[in-house]
Amino acid sequence: KMWLFFFTCVLVVIVCIPFIVVVWNIYKQKPEQFPSEKIVSELIPWSFEVVKDVDPSEFEISDLEPVTFREVYGDVDLVRYPTEESLRSRAIALDAGLGLVDLARVKSQSDKIPPGLRGKVLVFMGTILRERKGCGRRRFAYLAYTCEVWYVGFDSFSDPDHRDERRLLRIKSAGGSR
């Protein structure tokens, strides 16, 4: 009887393991990759995943102008308590919703960023990332200038510190297109 039990266990393992592997691979596949995942995956921290993204824009650095968060919100005083959707949708509507691929392009040409933007934080709302573990907090990418270098960072929407020195970048109306 012991050999029958052993034989049954081996048979179950031989039959079930390939099935489990196939199902697991189907489950883990993403149906579609976002532009940021395809083009600048090296900028995405391993602990984050992209949940929203925009297509890359066509522009020259000189086509970009800074937009304050007050301009984005207009008369509505959501600046103090923003939500991800309110901020992102308004930014994209004003053509200030550049994404992570655009951030990489701006960073690669950082010598062309106007000196007046040093000390400001350039926010790129087009790409939204989510922490894979924990509470799944959503984040947006930004470029900040310190010690003569522009660096990439990621911040959460719950951080109220976004108001003062942060600027969205908008493509001037005569400039590039999305």
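Above this text sits the structure in question.
Undergrad: Explanation requested: the overall build of the protein in the structure shown.
TA: Check the secondary structure of the protein and you find 5 helices and 6 strands. Tracing the protein from N to C terminus, the helices and strands come up as α-α-β-β-α-α-α-β-β-β-β. Counting across all 178 residues of the protein, residues that qualify as buried make up 40%. Contacts in the protein between residues at least 24 apart in sequence constitute 66% of all its contacts with a sequence separation of at least 6.

Undergrad: What is the right way to read the packing of aromatic side chains from this model?
TA: Here the distance between the centres and the angle between the planes together describe a pair of aromatic rings. A full pass over the atoms with the stated rule returns 3 aromatic pairs. Geometrically, the ring pair formed by Phe48 and Phe154 is edge-to-face, given 5.7 Å between the ring centres and 80 degrees between the ring planes. Placement of the pair is Phe48 in strand 1 (residues 48-52) and Phe154 in strand 5 (residues 149-156), with a sequence separation of 106 residues. With relative accessibility at 10%, the residue Phe48 sits in the buried group. Over the ring of Phe59 we find Arg105; its NZ or CZ atom is 4.4 Å from the centre of that ring.

Undergrad: Even after reading the chapter, I still don't get the nonpolar core, so can you show me in this structure?
TA: Considering soluble globular proteins, one finds that nonpolar side chains tend to be buried as a cluster. Of all hydrophobic cores here, the largest spans 25 residues; its most connected members are Leu64, Val106, Leu122 and Phe124. Elements with a contribution of two residues or more to this core: strand 1, helix 5 (100-108), strand 3 (121-131), strand 4 (138-146), strand 5 and strand 6 (166-171). Of the residues forming this core, the biggest block, 5 residues, is contributed by helix 5. With sequence-adjacent residues up to four places away left out, Phe124 is seen in contact with Leu98, Gly99, Asp102, Leu103, Val106, Phe140, Ala141, Tyr142, Leu143 and Leu169.

Undergrad: Can you walk me through helix 5 in this structure?
TA: The periodicity of an α-helix, 3.6 residues per turn, causes residues three or four positions apart to be oriented the same way. Among the residues making up helix 5, those that are buried are Leu100, Val101, Asp102, Leu103, Ala104 and Val106. Each element contacted by the buried residues of helix 5 is listed here: helix 2 (35-39), strand 2 (64-68), strand 3, strand 4 and strand 5.

Undergrad: I would appreciate a short explanation of helix 4 (residues 84-93) in the present structure.
TA: For helix 4, every residue scored as buried is listed here: Glu84, Ser86, Leu87, Arg88 and Ala91. Where helix 4 ends, the next residue or the one after it, Asp95, has phi of about 60 degrees, a positive value.

The rules we used
Residues numbered from 1 in each chain as written. Predicted model: local features only at pLDDT ≥ 70, side-chain atom pairs only at ≥ 80, totals over all residues. Heavy atoms only, no water. Helix = DSSP H or I, 4+ residues; strand = E, 2+ residues; numbered from the N terminus. Buried < 20%, exposed > 50% of the residue type's maximum accessible area, 1.4 Å probe, protein only. Contact = heavy atoms within 4.5 Å. Phe/Tyr/Trp six-rings, centres within 6.5 Å; stacked < 30°, edge-to-face > 60°. Lys NZ or Arg CZ within 6 Å of the ring centre and 35° of its normal. Core = buried A, V, L, I, M, F, W, Y, C linked by side-chain atoms within 4.5 Å.

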